[in-house]
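In case you want the letters, here they are:
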Amino acid sequence: MRYSDAADYVIDNPDRGEFLVHRDVYSDPDLFEEELRNVFEGTWVFLCLDSQIPQPHDFYCTRIGRRSVIVSRDGDGAVHCFYNTCRHRGATLCHTEHGNRKVHVCDYHGWSYDSGGRNVDIKDQETGCYRSAFGGEDHDLVSVPRLDSYRGFIFASLNADVPPLEEHLGDARTCLDLIVDQGPDGMELVPGRTNYTYDANWKLQLDNGSDSYHLTSTHRSFMRIVHRRAEGKSANTQVKSPDFQKRFDMPAGMFTFDRGHSMIWADHPVPENKPLSGTMGRVRTHAGEVRAKWMLRTRNTTIFPNLQFNDSTSLVLRTITPLAVGRTEMQVYSFGPVGEPAELRRRRVRQHEDFFNVSGLATPDDTLCYADCQDGYYNLSGDWLQGFQRGMAVVTHGPNDPARELGINPATSVLGKYSMQNEMAFHAAYLEWVRLMTLGRARDQRLAAE
Amino acid sequence: MDDSARLADGIRLLSREARYLDERQWDDWLGLYLEDAEFWAPAWRDDDTLTEDVNREISLFYFESRGGLEDRVWRIRSGQSPALTPMPRTTHLVTNTVLDEGAEAGAMTLHSAWSCHVYSLRDKSQHVFFGRYRHDLVYADGAWRIRRKKIVLMNDYIPGMIDVFCV
């Protein structure tokens with residue numbers, strides 16, 4: 001059965017300490033179609049980094065949910081975002097992930113567009129016997145309704161009716177600041193991409209990105225390998241990985257923000273293992289003592305719905321693209337400061353490969369567990385998931401002391417030991433999901449009535 | 001040793017490596033590698049170029065010694081990795097092997113095409129990874145062994161799992 005009220009898919013009852021999510025949220029194909037329209041085409045979605053298109057005429061092809069778009073910097077340096085489809089017969093215009101083109105020419109009938117999306121040539125227009133008004137009409141690429149950036153992160157919205165980006169991000173901006181400010185001279189993607197798919201709903205990654213509870217079970221083999229290395233039982237000495245078992249008694253917590261964003265954090269058992277620790281002098285001057293301290297903590301940040309960072313051993317940037325109700329595409333990059341000293345960059349690269357890569361010692365264990373969950377949702381629908389409860393008894397509405405230290409005003413906060421492995425950060429995404437799905441359904445009803 | 005005899009030796013080693021992987025003879029597989037052997041699969045930087053600097057760019061696999069491979073074998077044997085339980089079945093095909101001319105005595109460089117069929121028992125799915133190998137071999141203690149292996153993976157759109165035994 002389907003609930004006509006989207007809010008019925010999430011039971012949020014703080015007074016009774018209940019937060020339950022209905023399994024169909026991950027497995028109902030009709031809900032997935034609604035998500036594409038109401039979530040991915042209903043709010044701000046991360047596209048790419050400013051530094052991925054640094055020069056005039058640089059472009060980057062990506063997707064907003066199911067929509068293919070071109071992000072392009074024009075000759076004057078302004079950034080644009082167009083639907084990746086020719087105005088003539090609709091063919092996909094660009095098939096390369098990124099590059100530099102003054103002119104995009106359609107393979108089919110040769111219509112051409114400059115890097116600002118303006119139509120600059122309609123092949124054989126003069127012999128085409130077009131009616132006289134044709135030349136004066138708009139043949140330019142269709143821009144997306146909203147495009148903006150925050151500190152080098154470019155976002156777009158296919159829904160014009162959204163607040164300004166900074167308002168949408170709210171105090172989650174500070175979580176992004178804690179990433180960007182690690183590079184006093186800027187941040188860059190480390191060359192070398194990893195693209196992979198997994199056979200489960202996009203929200204499995206969204207949750208896993210702030211899930212500290214699975215580490216000791218899903219990643220048992222990784223943790224034991226790290227332990228073996230520390231004991232000198234492995235001949236592999238090229239990676240410095242901290243023993244995360246040690247952090248169980250250390251302080252940890254999380255913040256959620258309006259509009260689905262969240263951050264979990266924990267003190268780092270061996271902060272000097274982080275490549276960042278080697279450049280902390282300048283970072284402290286650049287960002288201040290308090291923020292510098294927070295940068296050395298492990299922090300997993302989710303910017304709803306498609307951008308995640310995991311800053312534990314090294315810093316990873318992940319984007320999530322839904323392909324089908326039970327299939328998702330991931331793009332994963334190592335992210336580091338511009339001008340990082342060679343030895344620190346080498347450490348960053350090795351740590352990324354060891355843990356985060358799809359060819360690493362952890363990610364494949366995650367993706368297969370996501371698929372197991374997806375199978376479970378098909379197997380038994382109509383039940384409520386119990387995976388949103390850890391930390392329920394200690395959640396604070398509004399800021400706690402760590403939040404005040406950072407100067408942020410989160411919707412909810414948790415502070416405790418890492419061993420709580422709290423599941424409270426997940427809530428933000430599902431509350432935002434309900435909000436966007438409810439808005440979308442109201443919009444659909446309005447349109448149907450007109 | 002003339003080139004054709006050397007090439008025949010090299011092809012025998014490549015075939016043995018494929019067999020050891022597919023038959024899960026992990027110790028025999030590791031034994032083909034020198035202790036300080038380099039194992040490298042660069043990532044793609046973009047549609048047309050591979051990463052080149054292992055210290056400043058990401059690789060799919062980069063091990064500066066056999067220790068990196070030994071970690072992987074330990075993990076396979078641990079039975080504690082969901083991705084490797086049950087262990088996927090593989091079949092490697094290695095072909096079109098050519099030898100670089102003019103090698104020194106006791107050394108050779110081989111270039112091959114490879115594919116690896118992977119059957120995942122967990123979800124009954126199958127996938128073919130494919131690409132090219134470069135093997136640098138040395139003759140030591142009466143046998144050819146691998147000093148360096150470079151793997152180019154052509155289809156780097158990866159269905160959830162890839163490991164050293166899939167390439």
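Being a predicted model, the structure only gives us computed values, none of them experimental.

A. Inspection of the overall build of chain A at higher detail. Broken down by element type, chain A carries 13 helices and 23 strands. Taking 2.2 N^0.38 as the reference for a compact globule, 450 residues should give roughly 22 Å; the C-alpha atoms of chain A span a radius of gyration of 23 Å, in line with that estimate. Principal-axis analysis of the C-alpha atoms gives chain A an extent of 80 × 55 × 40 Å. Within chain A, the proportion of its 450 residues that are buried is 48%.

B. Fine view of the interface of chain A and chain B. Contacts between the two partners involve 40 residues from chain A and, on the opposite side, 38 residues from chain B. Elements represented by at least two residues in the side of chain A that touches chain B include exactly β14 (194-198), α7 (220-230), α10 (342-356) and α11 (363-379) of chain A. Pairing of β14(A) with strand β7 (residues 157-159) of chain B, which is carried by three bridges, proceeds in the parallel orientation. Within the sheet, the bridge partner assigned to A:Asn195 lies in β7(B) and is B:Tyr157.

C. Inspection of the pairing of strand β19 (residues 315-324) of chain A at higher detail. All names here are of chain A. Burial within β19 is extensive, with seven of its 10 residues counted as buried. Sheet topology note: the strand β18 (residues 307-311)/β19 ladder contains five bridges and is antiparallel. Counted as the bridge partner of Asn-310 is Val-316 from β19. Where β18 hands over to β19, the hairpin turn is made up of three residues, counted between the paired strands. Here β19 runs beside strand β20 (residues 327-337); their pairing, made up of eight bridges, is antiparallel. When the sheet's bridge partners are listed, Pro-322 is paired in β20 with Thr-328. What sits between the antiparallel neighbours β19 and β20 is a turn of two residues.

D. Seen up close, the sheet that holds strand β3 (residues 89-99) of chain B. Residues and elements named next belong to chain B. With mixed pairing, the six strands of this open sheet are ordered in space as β2-β1-β6-β5-β4-β3. Looking at strand neighbours, the two that pair on one side only are β2 (59-63) and β3, the edges of this open sheet. The average undirected angle you get between the axes of adjacent strands in this sheet is 25°. Helix-sheet contacts for helix α1 (residues 3-22) involve β3, β4 (107-120), β5 (125-140) and β6 (143-153), and the interaxial angle to β3 is about 170°.

E. Structural view of the nonpolar core. Residue and element names in this part refer to chain A. Residues Leu-47 and Val-71 are the most contacted members of the largest nonpolar core, which totals 149 residues. Sort the elements by how many residues they give to this core and helix α13 (residues 426-449) lands first, with eight residues. With sequence-adjacent residues up to four places away left out, Val-71 is seen in contact with Leu-47, Cys-48, Ile-53, Phe-59, Tyr-60, Thr-62, Val-79, Cys-81 and Ile-154.

F. Quick look at α10(A). Over its 15 residues, α10(A) runs 20 Å from end to end, which matches the ideal 21 Å to within 8%, given 1.5 Å per residue. The buried count for α10(A) comes to 11 of 15 residues, which makes it a mostly enclosed element. Buried within α10(A) we find A:Arg345, A:Arg347, A:Arg348, A:Val349, A:Arg350, A:Gln351, A:His352, A:Glu353, A:Asp354, A:Phe355 and A:Phe356. Buried-residue contacts for α10(A) involve α7, β19, β20 and α11 of chain A together with β2 of chain B.

Criteria and cut-off values
For every chain, the first residue of the written sequence is number 1, and numbering continues from 1 along that sequence. Starting at A for chains and at 1 for ligands, labels are handed out in the order in which the entities are written. With the structure being a predicted model, the display of local features is reserved for residues of pLDDT at least 70 and the display and counting of side-chain atom pairs for 80 or more, all residues being used for whole-chain, interface and lining totals. The secondary structure listing takes helices from DSSP runs of H or I that are at least 4 residues long and strands from runs of E that are at least 2 residues long, numbered from the N terminus. Every radius of gyration here is taken over C-alpha atoms, with the globule rule written as 2.2 Å times N^0.38, N being the number of residues. Exposure classification rests on a simple neighbour count of other C-beta atoms within 10 Å of a residue's own: a residue reaching 20 or more is buried, one at 12 or fewer is exposed, and one in between is partly exposed. C-beta atoms are placed from the backbone. Think of it this way: build a C-beta for each residue from its backbone, and any pair within 7 Å is a contact. Here a strand pair is declared whenever DSSP counts at least two bridges between the two strands. Axes, fitted as lines to C-alpha atoms, cover a helix only where it is in contact. Angles between the N-to-C directions of the axes lie from 0 to 180 degrees. What we call a nonpolar core is a set of buried Ala, Val, Leu, Ile, Met, Phe, Trp, Tyr and Cys residues whose membership is set by joining through C-beta atoms within 7 Å. Each helix should span, by expectation, one fewer than its residue count multiplied by 1.5 Å.

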